[in-house]
Amino acid sequence: MDGEVTITVRPNGPYRIQGPITLIDADGNPLAVDSDMVFLCRCGGSSTKPFCDGTHKRAQWNAASGAGAYGVRPVEEPRS
Ligand code: FES
């Protein structure tokens, strides 16, 4: 998995980004990311955007899931 970036859509939760990434804010400034794993808000409720702060759980946010919900088909077997 060296050098590979994986983005996982978490069920009713954030995007989990794994791998060596550079995260750039809306002004073009790099944000400090101290880990090879970050969680980015997908629900829109986080007070620490772009990061997930757990608000999706408190709000019981419910999202569409699965490739069919996005109008695409899987390209390979799902990863664990
Ligand atoms: S997805 Fe977690 S706060 Fe939005």
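Reading guide: rules and limits
- Residues numbered from 1 in each chain as written.
- Predicted model: local features only at pLDDT ≥ 70, side-chain atom pairs only at ≥ 80, totals over all residues.
- Helix = DSSP H or I, 4+ residues; strand = E, 2+ residues; numbered from the N terminus.
- Buried ≥ 20, exposed ≤ 12 C-beta atoms within 10 Å, placed from the backbone.
- Contact = placed C-beta atoms within 7 Å.
- Pairing = 2+ DSSP bridges.
- Axes fitted to C-alpha atoms, helices over the stretch in contact; angles between N-to-C directions.

Draft legend 1. The arrangement of the overall build of the protein chain in detail. From N to C terminus, the protein chain includes two helices and five strands. Beginning at the N terminus, the succession of helices and strands in the protein chain can be written as β-β-β-β-β-α-α. The buried share of the protein chain, reckoned over its 80 residues, is 6%. For the protein chain, the proportion of contacts with a sequence separation of at least 24, taken over those separated by at least 6, is 22%.

Draft legend 2. Here's a closer look at the sheet that holds strand 5 (residues 37-40). Spatially, 1-2-5 is the arrangement adopted by the three strands of the open sheet, whose pairing is antiparallel. At either end of the open sheet lies a strand with only one pairing partner, and these are strand 1 (6-9) and strand 5. The average angle at which neighbouring strand axes cross in this sheet is 20°, direction not considered. With four bridges joining them, strand 2 (residues 15-18) and strand 5 adopt antiparallel strand pairing. Note that in strand 5 the partner of Q18 across the bridge is M37.

Draft legend 3. Geometry of the environment of K57. In this fold, K57 is placed in helix 1 (residues 55-58). For K57, a count of 13 C-beta atoms within 10 Å translates into the label partly exposed. Along the backbone, K57 and C43 are 14 residues apart, and their C-alpha atoms lie at a distance of 9.9 Å.

Draft legend 4. Representation of the environment of Q18. If you trace the backbone, Q18 turns up in strand 2. Taking the number of C-beta atoms within 10 Å as the measure of exposure, Q18 has 15 and is therefore partly exposed. Measuring from C-alpha to C-alpha, the distance between Q18 and D36 comes to 5.5 Å, with 18 residues separating the pair along the chain. Excluding anything up to four places from it in sequence, Q18 contacts V5, T6, D36 and M37.

Draft legend 5. Summary view of the environment of H56. Examined against the element boundaries, H56 turns out to sit in helix 1. Take H56: there are 22 C-beta atoms within 10 Å of it, and that puts it in the buried class. Considered as a pair, H56 and G45 are eleven residues apart in the sequence and their alpha carbons are 6.7 Å apart. In contact with H56, other than residues within four places in its own chain, are N12, G13, P14, C43, G45 and W61.

Draft legend 6. Layout of the pairing of strand 1. With four bridges connecting them, strand 1 and strand 2 associate as antiparallel partners. When the sheet's bridge partners are listed, T6 is paired in strand 2 with Q18. Counted along the chain from strand 1 to the antiparallel partner strand 2, the turn is five residues long, and its residue N12 has a positive phi close to 55°.

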